[in-house]
Amino acid sequence: MQAIILAAGMGKRLKELTAGNTKCMVKVNGVTLIERALGILDKKGLSRIVIVVGYEGKN
């Protein structure tokens, strides 16, 4: 089984929480949203996780 994470959002509606970062890097209780998602998916024993980046994505 595989998973896709869409991590391409700017997070405009989150205002000051995303002033210097993207939405997936917002921390909730000290853990970023992307870390939380990857941790949950890791426990599922997936064969592959694809992260789609857009805004401020790097090669």
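Structure's up top.
Residues numbered from 1 in each chain as written. Predicted model: local features only at pLDDT ≥ 70, side-chain atom pairs only at ≥ 80, totals over all residues. Heavy atoms only, no water.

Q: Describe the overall build of the protein chain, and please don't skip the residues or the numbers.
A: For the protein chain, the count of helices and strands is one helix and four strands. Beginning at the N terminus, the succession of helices and strands in the protein chain can be written as β-β-β-α-β. In terms of overall dimensions, the protein chain has C-alpha extents of about 35 × 25 × 20 Å along its principal axes. Here the protein chain holds 59 residues, and the buried ones make up 20% of them. For the protein chain, restricting intrachain contacts to residue pairs at least 6 apart in sequence, the fraction spanning at least 24 positions comes to 57%. Carbon together with sulfur atoms contributes 55% to the accessible area of the protein chain, which is approximately 4900 Å² in total. (Helix = DSSP H or I, 4+ residues; strand = E, 2+ residues; numbered from the N terminus. Buried < 20%, exposed > 50% of the residue type's maximum accessible area, 1.4 Å probe, protein only. Contact = heavy atoms within 4.5 Å. Areas by Shrake-Rupley, 256 points an atom, 1.4 Å probe, with all protein chains shown as cover.)

Q: Provide a residue-level description of the side chain of Thr32, including the pertinent values.
A: Here Thr32 lies in strand β3 (residues 31-32). Residue Thr32 is classed as buried on the basis of its relative accessible area, which comes to 4%. Setting aside residues up to four positions removed in sequence, Thr32 forms contacts with Cys24, Met25, Val26 and Lys27.

Q: Tell me what's going on with a nonpolar patch on the surface, and back it up with residues and numbers.
A: Where nonpolar side chains cluster on the molecular surface, the patch consists of Leu38, Ile49, Ile51 and Val53 and spans about 290 Å² of accessible area. For the nonpolar patch, the leading source of residues is strand β4 (residues 48-53), giving three residues. (Patch = residues over 30% accessible without salt bridge, like charges linked within 9 Å, V, L, I, M, F, W, Y side chains within 5 Å. Salt bridge = Lys/Arg side-chain N within 4 Å of Asp/Glu carboxyl O.)

Q: Got a sec to walk through the nonpolar core? Specific residues and values, please.
A: Ala3, Ile5, Ala7, Cys24, Ile34, Leu41 and Leu46 form the largest nonpolar core, which has seven residues in total. Secondary structure elements with two or more residues in this core: β1 (2-7) and α1 (33-42). At three residues, the largest contribution of residues to this core is made by β1. The contacts of Leu41, once residues within four sequence positions are left out, are Ala3, Ile5, Leu46 and Ile49. (Core = buried A, V, L, I, M, F, W, Y, C linked by side-chain atoms within 4.5 Å.)

Q: Hey, could you go over the side chain of Thr18 for me, with residue numbers and the actual values?
A: As for its placement among the helices and strands, Thr18 is situated in the loop between β1 and β2 (27-28). The class of Thr18 is buried, set by a relative accessible area of 10%. Once residues within four sequence positions are removed from consideration, Thr18 is found in contact with Met10, Gly11, Lys23 and Val26.

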